[in-house]
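# Coordinate analysis (summary)
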Amino acid sequence: MKMATFCCRISTVARHAKALGNTTRLLTTSSHRCAQQLTVRDALNAALDEELTRDETVLLMGEEVAQYDGAYKVSKGLLAKHGEKRIIDTPITEMGFAGIAVGAAMAGLRPICEFMTFNFSMQAIDQVINSAAKTFYMSAGRVPVPIVFRGPNGAAAGVGAQHSQCFGSWYSQVPGLKVISPYSAEDCKGLLKSAIRDPNPVVFLENELMYGISMDMSDEAMSKDFLLPIGKAKIERQGKHITLVAHSKSVGTCLEAANELAGKGIECEVINLRTLRPLDEETIIKSVIKTNHLVTVEGGWPQCGIGSEIVARVMESAAFNYLDAPVLRVTGADVPMPYAKSLEDLALPQVKNILTAVRKSLNIK
Amino acid sequence: MLAVTRLSLIQNSLHKCGILGTVQVCHLSEATHNVTPYKLHRLDQGPNTTVTYTREDALKYYKQMRMIRVMETTAGNLYKSKIIRGFCHLYSGQEAIAVGMEAAITPEDSVITAYRAHGWTYVRGVSVHAVLAELTGRKTGCANGKGGSMHMYTKNFYGGNGIVGAQVPLGAGIAFAHKYRQEDNICISLYGDGAANQGQLFEAFNIAKLWNLPCIFVCENNGFGMGTSAARASACTDYYTRGDYVPGLWVDGMDVLGVKEATRFAKDYVLKNGPILIEAFTYRYHGHSMSDPGTSYRTREEVQEVRQTRDPIGKFKDVIVNSGLVTNAEIKKIEDDVKKEVGDAAELAKTDPELPLEELYSHIYMNPPQDMKVRGCDDTVFASTK
């Protein structure tokens, strides 16, 4: 089964990148000091390369990461540069190699364990949660597990139900894990480097549809010392009328919606969560106290989603008393992902869903 | 089948005289012992079947095995007194495996096991007090009472793992780390006959062989995966062959000297050739855990027979006394010392304090952000963490 879909996975990459090419400008961050652009894929590759160079204990392990240069080419060139001791192809046996990677981390190495997609991490989820996340606590601090689990997460395009799920809320529920869901090329570089240096297990959720997107990189972000703090959100766009909170690709959808609404006099504040655990609720709460309206946006399912958690946190916080309308959630539809394009589009949050929610929250037509 | 160890030959010459209590004793310094023949899988040559051991070895192994036995009996009693909670899996009957294997490796080698971890924790260097205090959930426990019966750790001992089979890939990963750092060390990765049918074992075997990891996979075959006998759970009960392309050997797990020799052989083998699999044939006297009286799937007579004919401690006592290396008086002294040490440890384990309540929120993350708060059970608690 897996090998049958494998070829599809590879061949879809270029197609998605091309299809998304015309939306690149909308997805870029708008910093004026940016000197150059990098694709999300190359930003991830640079982060891996720099950290492999910096620390001998860092290694990359996973399916097709070495000779094939990565199923999605994120590890392109790393085998040639760092050698087979550190860039290691595994069999297609997630539970086995994830367990081996966790064991290596317990014994003091810093493995990066690539899941070809996070859908396959379910085969290994016991090792991620029971072995990686809980051991530092169970050992009362005696056995740290410095590992990064990374790979594409969430819906790709046209790959059906078993390959189109967001695991953000699953992993973010687990104490002991840090969970990162980056949006931009800068996010990917700075946060992946921080994740690799972190002494805790980190789940790093990339997005296949973003890999081919070119985005601005500041001079600072191009530096090998560029780190972004885990657990801090970024305000991508300032606004005063309503707060949009999102993670991963949905941040781009929010920025598109914000552009459209700006033309109608509505200024959205767009928060890019960057990290799902620990969740930066302070940034959300401050924003809601300012705007009095909140819409959450994510690609994952609604039940027990990231939006649900944010709603609960706002209810428990000082921001509740500042709300002028109920918090609204825009999420993936509550269905397994269909294959047909028209149905798939309907199952994922689009700009129009955000516009509808904003209008409802602000009580305008 | 019964694996009977025989003393074949007492050799030796060197004499050492001393005073023990009021009894003057003279000792041989070493002896030889014939091991029940190993069974080999994809190995041209196996470990030695005649092994030499010293008086110091004999005293040490006897004391360690005895300590585990008494510690486990004490743990069982503490459990029945409701001082130990939750899960508690006792190692009684299997002591020769931990003691024999530890005797063949160094503190720089690594070990990881499943949930029947008390004996291994002790031989890896944790005091009886710290084991029992972990079982009673006290601050002085080897995981400060946060781990409990199944989650004990010390240097180069990675637990104590509660999910059947999951520790086997972890052990391969620890072996990977030794190899990556170019150390001459190995990892022993233990599991039971129940876990032997877990899919992830075969994934770990495959990768360990592909990468030639210095890992000794050890199946402690005690005859039962919980309440299901090996034959009712495994299509093939020759566990030493279950690694297929991973060479294997069967050893009498009730013979501490045989286990030690098999492990010495295996360590040497894995450093040169990659993984090996050892099946250590043993028996579990207690039920699977404290909620299992251990009588619905086997008879009391069966347990009694093993105690009488195969017991690793009783048999070893006969071997070392008959060899002339150790006297009955020395055995008695060891037993008295062990009884006192475990008794004292149990008293402490009953009276030591538990961790202060704020420790609930510590050790979730290593070096957490300074401003990080951890939510308690309601929204009035957002605790600092460290």
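Residues numbered from 1 in each chain as written. Chains lettered and ligands numbered in written order. Predicted model: local features only at pLDDT ≥ 70, side-chain atom pairs only at ≥ 80, totals over all residues.

Taking an unreviewed UniProt entry as the reference, chain B is identified by name as Pyruvate dehydrogenase E1 component subunit alpha belonging to Lymnaea stagnalis. According to its UniProt record, chain B has this under Function (unreviewed entry): "The pyruvate dehydrogenase complex catalyzes the overall conversion of pyruvate to acetyl-CoA and CO(2)." (UniProt positions renumbered as here; feature names shortened; annotations may be inferred.)

An unreviewed UniProt entry annotates chain A as Pyruvate dehydrogenase E1 component subunit beta originating from Lymnaea stagnalis.

It is worth spelling out the overall build of chain A at this point. Along the backbone of chain A there are 14 helices and 14 strands. The principal-axis extents of the C-alpha atoms in chain A amount to approximately 60 × 45 × 40 Å. Looking at chain A as a whole, 56% of its 365 residues qualify as buried. Across chain A, the fraction of contacts at a sequence separation of at least 24, relative to all contacts at a separation of at least 6, is 80%. (Helix = DSSP H or I, 4+ residues; strand = E, 2+ residues; numbered from the N terminus. Buried ≥ 20, exposed ≤ 12 C-beta atoms within 10 Å, placed from the backbone. Contact = placed C-beta atoms within 7 Å.)

Tallying secondary structure elements over chain B gives 11 helices and 14 strands in all. Taken against the 2.2 N^0.38 rule, which gives 21 Å for 386 residues, the C-alpha radius of gyration of chain B at 22 Å falls within 12% of a compact globule. Judged by the C-alpha coordinates and their principal axes, chain B covers about 75 × 55 × 45 Å. Put simply, chain B has 386 residues, and 53% of those count as buried. Long-range pairs, those at least 24 residues apart, make up 72% of the contacts in chain B between residues at least 6 apart in sequence. (Rg over C-alpha atoms; globule rule 2.2 N^0.38 Å.)

For the rest of this paragraph, the subject is the UniProt feature "domain: Dehydrogenase E1 component" (unreviewed entry) in chain B. Mapped onto this structure's residue numbering, the UniProt feature "domain: Dehydrogenase E1 component" (unreviewed entry) falls at residues 64-356 of chain B. Helix and strand shares over residues 64-356 of chain B are 46% and 11% respectively, and the end C-alpha atoms of the span are 33 Å apart.

Below, the discussion takes up the sheet that holds strand β4 (residues 39-41) of chain B. All names here are of chain B. Pairing is mixed across the open sheet formed by six strands, whose spatial order is β4-β11-β12-β8-β7-β6. Each edge of the open sheet is held by one strand with a lone partner, namely β4 and β6 (110-112). Strand-to-strand, the axes of this sheet are offset by a mean angle of 20°, without reference to chain direction. Where strand β11 (residues 248-252) and strand β12 (residues 276-281) come together, five bridges link them in parallel fashion. Residue Leu 249 lies in a different strand from β12, and its bridge partner there is Ile 278. (Pairing = 2+ DSSP bridges. Axes fitted to C-alpha atoms, helices over the stretch in contact; angles between N-to-C directions.)

Here the focus is the nonpolar core. Residues A:Leu244 and B:Ile278 are the most contacted members of the largest nonpolar core, which totals 217 residues. Top element by residues in this core is helix α1 (residues 55-80) of chain B. It accounts for 10 residues. Not counting chain neighbours up to four residues away, the residues in contact with B:Ile278 comprise B:Ile216, B:Val218, B:Tyr240, B:Leu249, B:Val251, B:Ala262 and B:Ala266. (Core = buried A, V, L, I, M, F, W, Y, C linked by C-beta atoms within 7 Å.)

Before going further, it helps to spend a moment on the environment of B:Gly145. Residues and elements named next belong to chain B. Of note, Gly 145 is situated in the loop between α4 (128-135) and α5 (167-180). On the neighbour-count criterion, Gly 145 (21 C-beta atoms within 10 Å) is buried. Among all residues touching Gly 145, those that are not within four sequence positions of it are Glu 134, Gly 137, Arg 138, Lys 139, Glu 354 and Leu 355.

What follows covers the interface of chain B and chain A. Residue-level contacts link 32 residues of chain B with 36 residues of chain A. Where the side of chain B that touches chain A is concerned, the elements lending two or more residues are α5 and α6 (199-210) of chain B. Take the side of chain B that touches chain A: its biggest share by element is nine residues, from α5(B).

Here we come to the pairing of β12(B). All names here are of chain B. Burial of β12 is extensive: six of the six residues sit out of reach of the surface. Side chains Ile 276, Ile 278 and Ala 280 project from β12 onto one buried face, and the interleaved Leu 277, Glu 279 and Phe 281 project onto a second face that is buried too. Across six bridges, the pairing between strand β8 (residues 215-221) and β12 is parallel. Across the sheet, the residue bridging to Phe 217 is Leu 277, located in β12. Once the chain exits β11 it traverses helix α8 (residues 256-273) before rejoining the sheet at β12, and the crossover so formed is right-handed. (Right-handed = clockwise from strand over helix to strand, strands pointing away.)

Turning our eyes to something else, we now look at the sheet that holds strand β2 (residues 58-62) of chain A. Residues and elements named next belong to chain A. Strand order in the open sheet made by the seven strands is β3-β2-β4-β5-β7-β6-β12, with mixed pairing throughout. In the strand order of this sheet, the two ends are held by β3 (87-89) and β12 (275-277), each with one partner. Looking at each pair of strands side by side, their axes are set apart by 20° on average, direction ignored. In terms of strand pairing, strand β6 (residues 178-180) meets β12 through two bridges, oriented antiparallel. Looking at the pairing, Ile 180 lines up with Thr 275 of β12. Where helix α8 (residues 185-197) meets the sheet, its contacts fall on β2, β4 (110-114), β5 (148-152), β6 and β7 (202-206), and the angle it forms with β7 comes to roughly 160°.

Residues lying three or four places apart along an α-helix face the same way, a consequence of the helix completing one turn every 3.6 residues. The terminal C-alpha atoms of helix α3 (residues 40-54) of chain A lie 21 Å apart, and with 15 residues this matches the ideal 21 Å at 1.5 Å per residue to within 8%. Those residues of α3(A) lying buried are A:Val40, A:Arg41, A:Asp42, A:Ala43, A:Leu44, A:Asn45, A:Ala46, A:Ala47, A:Leu48, A:Glu51 and A:Leu52. (Expected span 1.5 Å × (residues − 1).)

Right, let's get into the packing of α3(A) against α8(A). All names here are of chain A. At a minimum axis distance of 8 Å, the contact between α3 and α8 shows a crossing angle of 25°. By the angle class used here, α3 and α8 are roughly parallel. Here α3 runs over α8; the crossing is right-handed. Taken together, the residues of α8 that come into contact with α3 (itself represented by Val 40, Ala 43, Leu 44, Ala 46, Ala 47, Glu 50 and Glu 51) are Ala 185, Cys 188, Lys 189, Leu 192, Lys 193 and Ile 196. Split by residue class, the contact of α3 with α8 holds nine nonpolar, no polar and four charged. (Parallel < 35°, antiparallel > 145°, perpendicular 65-115°, else oblique. Left-handed = near helix turned anticlockwise from the far one by under 90°. Nonpolar A, V, L, I, M, F, W, Y, C, P; charged D, E, K, R; others polar.)

In this section: the packing of helix α11 (residues 281-291) of chain A against helix α12 (residues 306-315) of chain A. All names here are of chain A. Where α11 meets α12, the closest approach of the two axes is 11 Å, and the angle between their N-to-C directions is 65°. As the angle between them shows, α11 and α12 are arranged roughly perpendicular. Helix-helix and strand crossings are classified by hand; for α11 and α12 the assignment is right-handed. Touching Glu 281, Ile 284, Ile 285 and Val 288 of α11 are Ile 310, Arg 313 and Val 314, all from α12.

Right, let's get into the confidence of the model for chain B. Detailed reading of the predicted model is not advised wherever pLDDT is low. Residues and elements named next belong to chain B. With 93% of its residues at a pLDDT of 70 or more, chain B has an overall mean of 93. Here residues 1-24 is a poorly scored stretch, pLDDT under 50, and it has 46 contacts once near neighbours within four places are set aside; other chains count. Interface predicted TM-score (ipTM) for the complex: 0.93; the corresponding pTM is 0.92. (pLDDT = per-residue confidence, 0-100.)

Another aspect to go through is the environment of B:Gly223. Residue and element names in this part refer to chain B. Mapping Gly 223 onto the fold places it in the loop between β8 and β9 (224-225). Between the C-alpha atom of Gly 223 and that of Gly 192, which follows or precedes it by 31 residues, the distance is 8.9 Å. Apart from the residues within four sequence positions on either side, Gly 223 is in contact with Asp 193, Ser 229, Ala 230 and Tyr 283.

All names here are of chain A. The element β2 is extensively covered by neighbouring structure, given that five of its five residues are classed as buried. Judged by which residues are buried, β2 turns out to be covered on both faces: Val 58, Leu 60 and Gly 62 on one side and Leu 59 and Met 61 on the other are all buried. Looking at chain direction, β2 and β4 are connected through five bridges and run parallel. Residue pairing for β4: Leu 59 is matched across the bridge by Pro 111. Where β2 lies against β3, three bridges are found, and the strand directions are parallel. What sits directly across from Leu 60, in β3, is Ile 87.

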